[in-house]
Amino acid sequence: MVSTNWQHQIHLAQLSRQSSSPHHHARAAATISRGGTQPSGLALQNPASLLNGGQNGQSSPLTGSSSLKVLSVRRLEGAEGEGLERVQTEKQKDKRQDWAALDLGGQGIRNLNLALFNYQFLDKLYINHNRLTSLPGAICKLGQLTILDVSGNLLMALPSEIGLMKNLRMFLIIDNNIPNLPPEMGMLYRLEVLGIEGNPLPDSIKNLMAKDGTRGVIGELRDNGPVPVPPSPRDWIVLEDKESEKDSAEEGIFSVVSYNILHDRYTRVYGYTPAWALQWDFRRESVKQEIISYDADIMCLQEIDLATVEEFLSLPEFSQKDYTGFHWPKSRAKTMNEAERKKVDGCAIFYKESVFKLIDQQPIEFQHVAMNSALLVPDKDSLKNYPDIFNRVATKDHIATVCFLEHQKTGNRVMVVNAHIEWDPIHKDVKLVQAGLLLGELQVMADKFAKLPLPDDSPMKGQYTSGKKIPMLICCDFNSTPDSVVYQLLSKGFVPGDHSDFQGYKYGKFTESGINHPFGLKSSYANIGELSFTNCTPTFTDVVDYIWYSTNSFTVTGLLGEPDKEYMSKVIGFPNAHFPSDHISLLSQFQFKKVNAG
């Protein structure tokens, strides 16, 4: 008995074979747009309806609209494969972006002109029923494609770059000579319809398609394909060290790691990652090996729970390096029993006791600060006038941790901060308020720390006369890019109360007078113009992680560079076999300046 999934394959193949006439899809779209009857054959169709065994309806794929224009393109006589010479469309020829589907079907094309791959706005491409024997890897440049039909050609293989086409929902390779599917297709986590009938594929693939459908085949390729070649090590970037001529080689130099390690409870959304590479046992070992290899004097980890902190600190690799640490979970942990609390992610600061001595440690819970400090309103009675504080800020349970440390060798003191704030771009007002609350609380703490006595023989006597002169390092996942107002606040020290990112909400003093702070801060990676990314997924790749430092207290002497560019050209996102989180780690080397304050 033929399974339902294979019946769908047969149905797709029948429709495809009826679609071999030149520009079938373009003609069908034109007919439908004029209110005519859809021609037979494979029509512009929603993949979901094909999965459900639906018949051709009068709707365009994925759009639900019958008005989508599909260009038919003819190659010039005698110009084999140069099928972009003459473009015909019914209206608005001069507006390129008025169309996003291109039909080159049924023209006997033997080779594709590489100029085709400059049309990166395309979301549908039909090159079916031609005489193509190969598909260029450059097709991956068409990253917006949701539908790709290469059926009825003479293809003998698919390029591995197909796996980079992360937006594909429908991919038809019906009636070719393809003996195997590249394992990179396992990254096509959005693919809903894969048409494979009419190819000499292994029975194992056909049986899997019959049993579990497209998702089953993609899952098999993803989870059981060969492990890719690992990337080259990240480069170490040496920066000018203005103090090195006068200081000994190691005096006052230390290193700091910041790393969002991706908590286990947040891994369900990474459909492009092999299941084994998402398992916490695998990722935990990878994280452990990575951070131990850095041998950093301070490590700030976000999205780490207490159980992992305790496990790490119990390992010989950590104890032999004299690491100790301070962890605080997100505020939700207050409502849980002890076992549950240990599984709530938060922020942890690890430091080497042989390098730094602890003076004080404190958590910052943004919920609590918003409701109880005078940073937003003068007193609790005033809170009732600002419901946005209750409804938007107090509903988030993000936190930060602070350790006030003393450098054993030089006597310098430093506030080390590890923070993680709201991620959702819709809540950019909340991000800004949380950043303001963090800086406000740090100012209160710094003023307190500045009053703590120094040993009689300390070389730092007279240096910390006020809180703003306390050296500070802020490691953070701020979920904010370098062009954001949060970055502006950290780097410039002020954001006006009428800034558009407040989105019209009212946050007391912040929206009445603005947000400011007295610390002269700079992102360590700003010394090289920031990295190209710190967070990498198919839908978002940008910089959101930072190590901020007091410019009057530290010199940046070295930075860990970004991942191998060649390797990155072959992946659509993290985590994967070699990167255990969707974030990459940051590593900066600092040197205390001789004079910590003016």
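Note that this is a predicted model, so its numbers are computed, not measured.

Caption draft 1: Geometry of the sheet that holds strand 23 (residues 554–560). Taken in spatial order, the seven strands line up as 8-23-24-9-10-12-11 in an open sheet, and their pairing is mixed. The strands lining the two open edges of the sheet, one partner per strand, are strand 8 (236–238) and strand 11 (323–329). The average angle at which neighbouring strand axes cross in this sheet is 25°, direction not considered. Both strand 8 and strand 23 contribute to a ladder of three bridges, which runs antiparallel. Directly across from I237, in strand 23, lies its bridge partner L559. Of the strands in this sheet, strand 9 (253–260), strand 10 (298–305), strand 23 and strand 24 (586–592) are in contact with helix 6 (residues 280–294), which crosses strand 9 at around 165°. Across the sheet, helix 7 (residues 306–314) touches strand 10, strand 11 and strand 12 (345–352), and the angle it forms with strand 10 is around 140°.

Caption draft 2: Spotlight on the side chain of N412. Within the secondary structure layout, N412 lies in the loop between strand 14 (399–407) and strand 15 (413–420). Since its relative accessible area comes to 4%, N412 is described here as buried. In this structure the side chain of N412 is engaged in a polar contact, spanning 2.6 Å, whose partner is the side chain of T410.

Caption draft 3: Up close: the packing of aromatic side chains. One pass over the structure, following the stated rule, counts 26 aromatic pairs. Between Y546 and W548, the aromatic rings sit 5.7 Å apart at their centres with planes inclined by 45°, giving tilted as the arrangement. Comparing Y546 with W548, the two get one shared label, buried. Every member of this aromatic cluster is reached through a ring pair, and the members are F254, F356, Y549, F554, F590 and F592. Positioned over the ring face of Y505 is R392, at 4.0 Å from the centre of the ring.

Caption draft 4: View of helix 7. Within the span of helix 7, buried status applies to T308, V309 and F312. Projected onto a plane normal to the axis of helix 7, the buried residues spread over an arc of 100° and lie on a single side. Considering only its buried residues, helix 7 is in contact with helix 6, strand 10, helix 8 (316–319), strand 11 and strand 12.

Caption draft 5: Highlighting the state of the cysteines. Here the structure, examined in full by the defined rule, presents zero disulfides. Cysteine C475 is unpaired, with the sulfur of C300 as its nearest cysteine sulfur at 3.6 Å. On the accessibility criterion, C475 (0% relative accessible area) is buried.

Caption draft 6: Seen up close, unusual backbone geometry. That bond from F574 to P575 is cis: its omega, 0°, falls within 30 degrees of zero. Mapped onto the elements, P575 comes out in the loop between helix 15 (565–568) and strand 24. Unusually for a residue other than glycine, D295 sits at a positive phi of about 55°. Relative to the elements of secondary structure, D295 occurs in the loop between helix 6 and strand 10. At N479, a residue that is not glycine, the phi angle is positive and equals roughly 50°. N479 sits in the buried class, given a relative accessible area of 15%.

Caption draft 7: Structural view of the nonpolar core. In terms of nonpolar packing, the biggest core is built from 55 residues, with F254, I298, F574 and F590 touching the most fellow members. What F590 contacts, discounting residues up to four positions off in sequence, is G252, I253, F254, V256, L473, S524, I547, Y549, F554, T555, V556 and T557. The next biggest cluster of nonpolar side chains, apart from the first, holds 52 residues, and it includes Y386, L439, F478 and W548.

Caption draft 8: How the structure looks around the packing of helix 12 (residues 428–450) against helix 13 (residues 485–492). Interhelical geometry of helix 12 versus helix 13 gives an angle of 20° and a closest axis separation of 9 Å. As summarised for this structure, helix 12 and helix 13 are arranged roughly parallel, according to the angle between their axes. For the pair helix 12 and helix 13, the sense of crossing is right-handed. Contact residues: K431, L432, A435, G436 and L439 in helix 12; V485, V486, L489 and L490 in helix 13. Residue composition of the contact of helix 12 with helix 13, grouped by class: seven nonpolar, one polar and one charged.

Conventions we followed
- Residues numbered from 1 in each chain as written.
- Predicted model: local features only at pLDDT ≥ 70, side-chain atom pairs only at ≥ 80, totals over all residues.
- Heavy atoms only, no water.
- Pairing = 2+ DSSP bridges.
- Helix = DSSP H or I, 4+ residues; strand = E, 2+ residues; numbered from the N terminus.
- Axes fitted to C-alpha atoms, helices over the stretch in contact; angles between N-to-C directions.
- Contact = heavy atoms within 4.5 Å.
- Buried < 20%, exposed > 50% of the residue type's maximum accessible area, 1.4 Å probe, protein only.
- Polar contact = N/O pair within 3.5 Å; in protein donor to acceptor, adjacent residues only side chain to side chain.
- Phe/Tyr/Trp six-rings, centres within 6.5 Å; stacked < 30°, edge-to-face > 60°.
- Lys NZ or Arg CZ within 6 Å of the ring centre and 35° of its normal.
- Arc of directions from axis to C-beta.
- Disulfide = S-S within 2.5 Å.
- Core = buried A, V, L, I, M, F, W, Y, C linked by side-chain atoms within 4.5 Å.
- Parallel < 35°, antiparallel > 145°, perpendicular 65-115°, else oblique.
- Left-handed = near helix turned anticlockwise from the far one by under 90°.
- Nonpolar A, V, L, I, M, F, W, Y, C, P; charged D, E, K, R; others polar.

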